[in-house]
Amino acid sequence: MRDFSEPPIYDDLIETDRVHRTLYTDEAIFREEMNRIYGGTWTYLAHESELPKANDFVRRTLGLRPIIVSRDRDGKVHGLLNRCPHRGATVCRDDAGSTRRFTCPYHNWSFTNSGDLVGVPIEEGYGPNFDKSRLGLGKIRVEVYRGFIFGTLNHELPDLETHLGTAARRLDEWMDRWPGGKISVRNGQHRLMCNGNWKLVSDNSHDGYHPGYSHASLLRMRKDRYGGGVDMQWVLGNVDDGLQRLYDLGNGNTFLDQRPEIERYWYQSAPMPGEDSYAATLRERLGERAEPALDVVMGSGMNLNIFPNLLIIGNQLQVIQPRTVDSTDLIWYSTSIEADDLPPEVNALRMRLQEDFPSFGEPDDLANFEECQAGLSIPEMEWVVTSRHMDTGTEYVDGNGDLAGLPTDELGIRAFWKEWLIRMNATTKLEAK
Amino acid sequence: MKDLNDYFDPGFTVDDILGDSKTSTYVNDAYYALLRADMAEWSGIGTPLTEAERQAHEALILHENWLLDRRNFEQWYQLYTRECSYWIPAAHDLPGNPQFDPQSHVTIAFDDRRRMGDRIVWLRTGVAYSQLPPSYTLHMSTGFVRVPTGRPNEVKIRSQFLLQEMRSSNPVQTLSGWMGHVFKQEDGRWKIDRKLVSLLDGQRGHHNLTYLI
Ligand code: FES
Ligand SMILES: [Fe+2]
């Protein structure tokens, strides 16, 4: 057995065709990840629609750091470390709201919603050299791409859109299914707890190999009740003979595209309550114009994974929130589409459809992740295989210049680890300023 | 009430569920309006049950608990009307919290009869790894009260519950909250038409909620 004594040399843990189990089980590595990965690159924080008006805010985390994402009175978005510069208390204790000032409950220091310290009770007690301008809330570098708010403590990274590269184009495709529609992320969440390392979740979302096996329950239920043709039947059999493709979009971002398997979205959708009643209402009212509206009920057919914590799956934003080395919260934010020409029934159907996978799909995945975590605790079995389709000659470069492959290719996992290594070995100082 | 045995067709199996309610025809704007009206009524002042109400309604809720704890989903399914719902909001502090509205919010579970059937078939496939091995549960209900309703021919019963669940090597976990059962007569007996489960922590994360509450 190799001796990976402290401090671990990350390069020794990641080989071209396998990675070491301690990446999933070592607490010291986890603590470093929470500082270097989360915040060392552009990390998803929140969606603009969650703080629609000036002075709105939501409370989030960046890795394990408590943060506030706020809008100032001019509507500009800020990311603030939720830690009082005085003695460290959590300043904002509400999950969401609207305020011009954050006041720390401990000694009532108060801050503007852009983080500047503006009030200190009995200020004269600090003497003449006290400088309020140096005691604001820690500031995160924040940028927004079409509503998606990202933050980083790395001031050397290129701007967000450059960093996203072709992932931004894929995000456009996801957002523009209903031309002119705006995505809204104000429709509740599924919050699923998993006793497994956070990377088991991201490994899975670019894994086109598992669905036919891990999701046998969902597939069998659908087939036994509704016959073939509905949702996800394309994952049965040898999917490498099918039309799905997997892409490495650079900077750890990946994309599993199921859309080529979808001929007609509405007919290939998973079942949902209200399906027949609302379809009848819409067809009666809109005639043929009902059909494109019904199509945007169904999930996008896209798994778009933005390193390290945003997994866009179907119609949902799945956000990874690590807790400890072996426990993770998965938050599935449901979305609706706001557009004057989109019938409201579509969003009622979208709510019901977005309950399908968190009920009948994801729990089986989480059960498998937990069993992976258990297995990875065994010291004598050291490695995890990541070599699938590495040398089968099936990979190619697509028209965007991205590496592409068959759906069961493990190129997504390899792309993740490549980026992970860059971030963990980076010497860039991470700063709140 | 009728003998509880009257509720169950002994030959009714998961195969019968496969062919039952394969379309979803009654969830629409009017149905969501009904659920919003229900939510307002659930905040009413309840009165402890009479002996007759205990026999007709409390007994059914207690038996529902018993069937769920035995994982007897096929009999559980037969306690419900043909146009029923089983609903667990992903929101807490009900009925006051406006985040409950299922027309605009996702839920932990929003099952019409068809999706209840899907859930049972899914559990019975034998390959739902999140329920292999299964969850063993213990439901405890108490504090039954009848809540006034403006809807004729319906009875609203509110109760408090505690639920413990044990699965595999996981620690026993506890859920709690209140439930609302709306009863309606169908085929000459009282059945559950709408069940609402309001969890104390409905807005929070949960570990493997694939068992029935
Ligand atoms: S710790 Fe915040 S004001 Fe003292
Ligand atoms: Fe999966």
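Each value, and the rule that gives it
- Starting afresh in each chain, residues are numbered from 1 along the sequence in its written order.
- Note on labels: chains are lettered from A, ligands numbered from 1, in written order.
- At least 70 in pLDDT is required for a residue's local features to be given in this predicted model, at least 80 for side-chain atom pairs to be given and counted, and no such filter applies to totals for whole chains, interfaces and linings, which use all residues.
- For the side-chain quantities, the full set of heavy atoms in the structure was used; hydrogens and water were omitted.
- Helix numbers and strand numbers start at the N terminus; a helix is a DSSP run of H or I with at least 4 residues, a strand a run of E with at least 2.
- Throughout this description, buried means an accessible area under 20% of the type-specific maximum (1.4 Å probe, protein chains only), exposed means over 50%, and partly exposed covers the range between.
- Only nitrogen, oxygen and sulfur atoms qualify as donors, and only when within 2.8 Å of the metal (3.2 Å in the case of Na, K and Ca); with water excluded, sites may look incomplete.
- Irregular is the label for any site that misses the other tests, which are tetrahedral for four donors with all angles between 85 and 135 degrees, and square planar for four donors or octahedral for six when opposite donors exceed 155 degrees and the remaining angles lie between 65 and 115.
- Here, any two strands with at least 2 DSSP bridges between them count as paired.
- Helix axes use the C-alpha atoms of the stretch in contact, all axes being lines fitted to C-alpha atoms, and the angles between their N-to-C directions lie in the range 0 to 180 degrees.
- Two residues form a contact once any of their heavy atoms are found within 4.5 Å.
- Here the quantity called buried area is the accessible surface, traced with a 1.4 Å probe, that two parts lose on coming together, added over both.
- For this document, the term salt bridge refers to a Lys or Arg side-chain nitrogen within 4 Å of an Asp or Glu carboxyl oxygen.
- Throughout this description, a polar contact denotes any pair of N or O atoms lying within 3.5 Å of each other; where both atoms belong to protein, one of them has to be capable of donating a hydrogen while the other can accept it, and for residues adjacent in sequence the pair is counted only when both atoms sit in side chains.
- Think of it as three bins: nonpolar holds Ala, Val, Leu, Ile, Met, Phe, Trp, Tyr, Cys and Pro, charged holds Asp, Glu, Lys and Arg, and polar takes everything else, Gly as well.
- Where each domain begins and ends follows an automated or database-derived domain assignment.

Draft legend 1. Local environment of unusual backbone geometry. Cis peptide bonds are those with omega within 30 degrees of zero, and the linkage from Phe-307 of chain A to Pro-308 of chain A qualifies with 0 degrees. The residue Pro-308 of chain A is located in the loop between β16 (302–306) and β17 (310–313) in this model. Between Leu-94 of chain B and the following residue, Pro-95 of chain B, the backbone shows a cis peptide bond with an omega angle of 10 degrees. At Ile-122 of chain A, a residue that is not glycine, the phi angle is positive and equals roughly 50 degrees. Residue class for Ile-122 of chain A comes out exposed when judged on its relative accessible area of 66%. Even without a glycine there, the phi angle at His-389 of chain A is positive, about 60 degrees. With respect to the element layout, His-389 of chain A can be found in the loop between β21 (383–385) and β22 (396–397). For His-389 of chain A, a relative accessible area of 13% gives the class buried.

Draft legend 2. Seen up close, the coordination of the iron ion (ligand 2). Residue and element names in this part refer to chain A. Within the first shell, the iron ion (ligand 2) binds the protein through His-210 (NE2), His-215 (NE2), Asp-365 (OD) and Asp-365 (OD), at distances of 2.0 to 2.7 Å. Angles of 52 to 131 degrees at the metal separate the four donor atoms of the iron ion (ligand 2), which places the site in the irregular class. All donors of the iron ion (ligand 2) belong to a single chain; written as a sequence motif, their spacing is H-x4-H-x149-D. Note that His-215 is positioned in the loop between α7 (211–214) and α8 (216–226) and Asp-365 in helix α13 (residues 362–376), a separation of 150 residues in sequence. Just as His-215 is buried, Asp-365 falls in that class too.

Draft legend 3. Expanded view of the sheet that holds strand β2 (residues 43–47) of chain A. All names here are of chain A. Reading across the sheet, the seven strands line up as β2-β11-β10-β5-β4-β3-β6 and stay open at both edges, with antiparallel pairing between neighbours. This sheet does not close on itself; its edge strands, each paired only once, are β2 and β6 (96–98). The sheet shows a mean angle of 30 degrees between the axes of neighbouring strands, direction not considered. Where strand β3 (residues 56–62) meets strand β4 (residues 65–71), six bridges bridge the pair, whose relative direction is antiparallel.

Draft legend 4. Spotlight on the interface of chain B and chain A. Listed by partner, the interface residues are 43 residues for chain B and 44 residues for chain A. The contact between chain B and chain A buries some 3,500 Å² in all, and 51% of this surface belongs to carbon and sulfur atoms. At the surface where chain B touches chain A, the tally comes to three salt bridges. Linking Arg-114 of chain B and Glu-275 of chain A is a salt bridge whose minimum nitrogen-to-oxygen distance equals 2.6 Å. Counting across the chain B and chain A interface gives 30 residue pairs in polar contact (both at pLDDT 80 or more). Of all elements in the fold, only α1 (14–18), α2 (29–42), β3 (107–112) and α5 (113–124) of chain B reach the threshold of two or more residues within the side of chain B that touches chain A. Class assignment for the residues of the side of chain B that touches chain A results in 15 nonpolar, 19 polar and nine charged.

Draft legend 5. Just the domain arrangement of chain A, in detail. All names here are of chain A. Considered domain by domain, chain A is made up of domain 1 (42–149) and domain 2 (167–427). Relative to domain 2, the C-alpha centre of domain 1 lies at a distance of 33 Å. Listed by partner, the interface residues are 13 residues for domain 1 and 22 residues for domain 2. The contact between domain 1 and domain 2 buries some 1,400 Å² in all, and 59% of this surface belongs to carbon and sulfur atoms. Broken down residue by residue, the surface that domain 1 buries against domain 2 is led by Tyr-44, Arg-146 and Phe-148, which jointly contribute 40%. Scanning the region where domain 1 abuts domain 2 turns up two salt bridges. Between Asp-172 and Arg-146 there is a salt bridge, and its shortest N-O distance comes to 2.9 Å. For the interface between domain 1 and domain 2, the tally reads seven residue pairs in polar contact (both at pLDDT 80 or more). Breaking the side of domain 1 that touches domain 2 down by element, the ones donating at least two residues are β2 and β3.

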